[in-house]
Protein chains: 2
Amino acid sequence: MSFTTNKTIAMFGGKLLKLTHTAKSTSCDMNVNLYLPPQASSKKVPVLFWLSGLTCTPDNCTEKGFLQHAAAKKGIAIVYPDTSPRGLNIPGEDDAYDFGSAAGFFIDATQEPWNKGYNMYTYVTKELPEALWSSFKELDSSKVSLTGFSMGGHGALTLFLRNPTAYVSCSAFAPISNPSACQWGQKAFSGYFGEANKSKWAEHDATELVKKHRGPLELLIDVGTGDGFYKEGQLLPENFLAAAKESGNDKGVQLRFQPEYGHDHFFVASFADEHVEWHAKRLGVYDNADKQKL
Amino acid sequence: MSFTTNKTIAMFGGKLLKLTHTAKSTSCDMNVNLYLPPQASSKKVPVLFWLSGLTCTPDNCTEKGFLQHAAAKKGIAIVYPDTSPRGLNIPGEDDAYDFGSAAGFFIDATQEPWNKGYNMYTYVTKELPEALWSSFKELDSSKVSLTGFSMGGHGALTLFLRNPTAYVSCSAFAPISNPSACQWGQKAFSGYFGEANKSKWAEHDATELVKKHRGPLELLIDVGTGDGFYKEGQLLPENFLAAAKESGNDKGVQLRFQPEYGHDHFFVASFADEHVEWHAKRLGVYDNADKQKL
């Protein structure tokens, strides 16, 4: 389906499009922001998907994450999808910040009534990119990378590990790294998959997925040591790293603990340049300054 | 008076302090954000005051303006004051977005009842800096610059032109440049000064002030051509530039029209690096890369 452009905003020499389209997988209209860097006016550009955290709309990181700063320099488009379907009128969908609206967890729900539209996995991996490639010829569908924050970091890691050939690179900020073992993930997976359906849980748990990964694996993961959710055991990046080590998949995994940073967009903004530049290298995008350094 | 630190947030290698203090000039507790760059942990750093626009608290530009990105590199602290007193219980203070709360216009009101606390001129030029110098020894009180957006751009220009020796440099984003001649300014000045008190109006109108300026004058002013408030005549930067020309004060005034940019923090963020770097040069802050270029 084609997109309605609600607003076009100049930013860092490029433009930010606030879009809406009707999505089949989520059974509702979905908002999505698309940042097109200045380079997109004259050539196809690679695409970085940003997956947001609990409570977020497409706007939070668009306004506060600062990814556009480096994306404009490197010539990378950024897609900011929403975090769940909206307005399906499922009883209870708006009752909690960590389940239902704005808490889609990038899975396809199997449990009634959530399976009616809580299919953010299919939406983000298939329906949204296909719609974008069809409507925006300036996007290079062969060069797509993933990053995200918190629940969106879980999304980035799991979508990448489940589809290793679909994406060029993956990074994450404070990801929920082992959802089966933390309260947020247990609540979400119980609700969307059913409490007993542990094999389904494992299919969307980065720590389980990395154990079975075959082939080279590179990941850049930042976690703040002042992150309250890290401290209370919602993120568990150590579990992910241990699983990667056990399966021999840890060689290219950079897990960096950033002193004192919290669980907020100030943290994201502070390392946004580095993440975008890390993806840029893997997407084959080098600016003149980089070439001189190489 | 000393400050209460409500929150300390790691950002771009430095820290953001969310502060509150009791202010005499505004007759209330005032919130203010202070960004300390990493360099402040070992030496005194220059200070850039950011003055915000209508409807803003200290948080809007702190979260969306990204001045901290270049400030962290250059070693400059940023102060984000509020835009008015809050909660004085003056009838009507919360009724309009462009008068009263969050619309203090950086003047000292002379009209009852606003003169009870709508004294943002004294607060920003005297009480707040004195309180900061007394509490934060890492701030270099001899190197202070000003910038701001919209109503805050008006604040930056007028505070600088009224106190040319107090500040090292001044820049502005989409400033209300001739408030006596636009609806926003006329409403504010009528309310705070009285409709007939035109000499007082002129004391806080950048276009009037620049006519009387003596000595060198350098200003960097950006305005977006897609700015709806510019188009409807609320900003009038051409009036300011014409007045500067008439009085021979235009040589160092850079008024740049930025194609398609709007009246928003996306515009501010897009040129934040340039403004901070422009101030850095005038504040005598050069990093190693700059030195090589000079």
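- Naming follows an unreviewed UniProt entry, where chain A appears as S-formylglutathione hydrolase of Pseudovirgaria hyperparasitica.
- Comment text from UniProt for chain A, heading Catalytic activity (unreviewed entry), reads "S-formylglutathione + H2O = formate + glutathione + H(+)".
- UniProt annotates chain A under Subcellular location (unreviewed entry) with the comment "Cytoplasm".

Here we look at the overall build of chain A
Then step 1. In terms of regular secondary structure, chain A is built from 11 helices and 9 strands.
Then step 2. The C-alpha radius of gyration computed for chain A amounts to 18 Å, which stays within 12% of the reference 19 Å derived for 294 residues, consistent with globular compactness.
Then step 3. Each principal axis of the C-alpha distribution contributes one length, and for chain A these read about 55 × 40 × 35 Å.
Then step 4. The 294 residues of chain A split such that 61% are buried.
Then step 5. Long-range pairs, those at least 24 residues apart, make up 71% of the contacts in chain A with a sequence separation of at least 6.
Then step 6. For chain A, the exposed surface amounts to about 11,200 Å²; the carbon and sulfur share of it is 48%.

As for the environment of B:Leu34
Residue and element names in this part refer to chain B.
Then step 1. With respect to the helices and strands, Leu 34 occurs in strand S3 (residues 28-36).
Then step 2. Assessed through its relative accessible area of 1%, Leu 34 is described here as buried.
Then step 3. The sequence separation of Leu 34 and Lys 18 amounts to 16 residues, and the corresponding C-alpha distance is 6.6 Å.
Then step 4. Among residues more than four places away in sequence, those in contact with Leu 34 are Lys 15, Leu 16, Leu 17, Leu 19, Ala 77, Ile 78, Val 79, Phe 136 and Leu 139.

Section: the pattern of salt bridges
Then step 1. The tally for this structure, following the rule as stated, stands at 24 salt bridges over all chains.
Then step 2. Across the pair A:Glu63 and B:Lys64 runs a salt bridge whose closest N-O atoms are separated by 3.3 Å. With one member in each of two chains, A:Glu63 in helix H1 (residues 58-64) and B:Lys64 in helix H1 (residues 59-64) form a pair that bridges those chains.
Then step 3. Its relative accessible area of 22% is what places B:Lys64 among the partly exposed residues.
Then step 4. Note that B:Asp82 and B:Arg86 form a salt bridge whose closest N and O atoms lie 2.7 Å from each other.

A look at the interface of chain B and chain A
Interfaces are often sized by the accessible area lost when the parts come together.
Then step 1. Contact with chain B, which involves 18 residues of that partner, is made by 19 residues of chain A.
Then step 2. The contact between chain B and chain A buries some 1,700 Å² in all, and 68% of this surface belongs to carbon and sulfur atoms.
Then step 3. Of all residues in chain B, B:Ala10, B:Phe66 and B:Phe266 give up the largest surface area on contact with chain A, accounting jointly for 35% of the area buried on that side.
Then step 4. Inspection of the chain B/chain A interface yields 2 salt bridges.
Then step 5. Residue assignment for the side of chain B that touches chain A shows that the elements contributing at least two residues are strand S1 (4-11), H1 and helix H10 (265-282) of chain B.
Then step 6. Considering each element in turn, the side of chain B that touches chain A owes the most residues, 4 residues, to H10(B).
Then step 7. Its residues placed into classes, the side of chain B that touches chain A shows 9 nonpolar, 4 polar and 5 charged.

Comments concerning the nonpolar core
Then step 1. Counting 202 residues, the largest nonpolar core has A:Phe105, A:Tyr192, B:Phe105 and B:Tyr192 as the members making the most contacts within it.
Then step 2. With residues near it in sequence (within four places) discarded, B:Tyr192 still touches B:Phe99, B:Gly100, B:Ala103, B:Gly104, B:Phe105, B:Ile107, B:Ala109, B:Thr110, B:Gln111, B:Trp114 and B:Tyr118.

Things to note about the sheet that holds strand S6 (residues 139-148) of chain A
The strands making up a sheet associate through backbone hydrogen bonding, with each pair oriented either parallel or antiparallel.
Residues and elements named next belong to chain A.
Then step 1. With mixed pairing, 6 strands are arranged side by side in an open sheet as S1-S2-S3-S5-S4-S6. The sheet terminates laterally at strand S1 (4-11) and S6, the two strands that pair on one side only. Each strand axis lies, on average, 25° off the axis of its neighbour in the sheet, ignoring direction.
Then step 2. In terms of strand pairing, S1 meets strand S2 (residues 14-23) through 7 bridges, oriented antiparallel. Residue Lys 7 lies in a different strand from S2, and its bridge partner there is Lys 18.
Then step 3. Taken strand by strand, helix H4 (residues 151-162) contacts strand S4 (45-51) and S6, and its axis lies near 130° from that of S6.

Observations regarding the relation of the copies chain B and chain A
Then step 1. Structural alignment of chain B on chain A gives an RMSD of 0.0 Å, achieved by rotating through 180° and translating 0.0 Å along the axis. Those values place the two copies in the arrangement expected of a two-fold rotation axis. Of every C-alpha in chain B, the one belonging to B:Lys64 sits nearest the axis of rotation, 2.6 Å from it.
Then step 2. Interface residue correspondence from chain B to chain A reaches 100%, placing this contact among same-surface, isologous pairings.

How each quantity is defined
- Residues numbered from 1 in each chain as written.
- Chains lettered and ligands numbered in written order.
- Predicted model: local features only at pLDDT ≥ 70, side-chain atom pairs only at ≥ 80, totals over all residues.
- Heavy atoms only, no water.
- UniProt positions renumbered as here; feature names shortened; annotations may be inferred.
- Helix = DSSP H or I, 4+ residues; strand = E, 2+ residues; numbered from the N terminus.
- Rg over C-alpha atoms; globule rule 2.2 N^0.38 Å.
- Buried < 20%, exposed > 50% of the residue type's maximum accessible area, 1.4 Å probe, protein only.
- Contact = heavy atoms within 4.5 Å.
- Areas by Shrake-Rupley, 256 points an atom, 1.4 Å probe, with all protein chains shown as cover.
- Salt bridge = Lys/Arg side-chain N within 4 Å of Asp/Glu carboxyl O.
- Buried area = accessible area lost by both parts, 1.4 Å probe.
- Nonpolar A, V, L, I, M, F, W, Y, C, P; charged D, E, K, R; others polar.
- Core = buried A, V, L, I, M, F, W, Y, C linked by side-chain atoms within 4.5 Å.
- Pairing = 2+ DSSP bridges.
- Axes fitted to C-alpha atoms, helices over the stretch in contact; angles between N-to-C directions.
- Least-squares fit on C-alpha atoms with pLDDT ≥ 70 in both.

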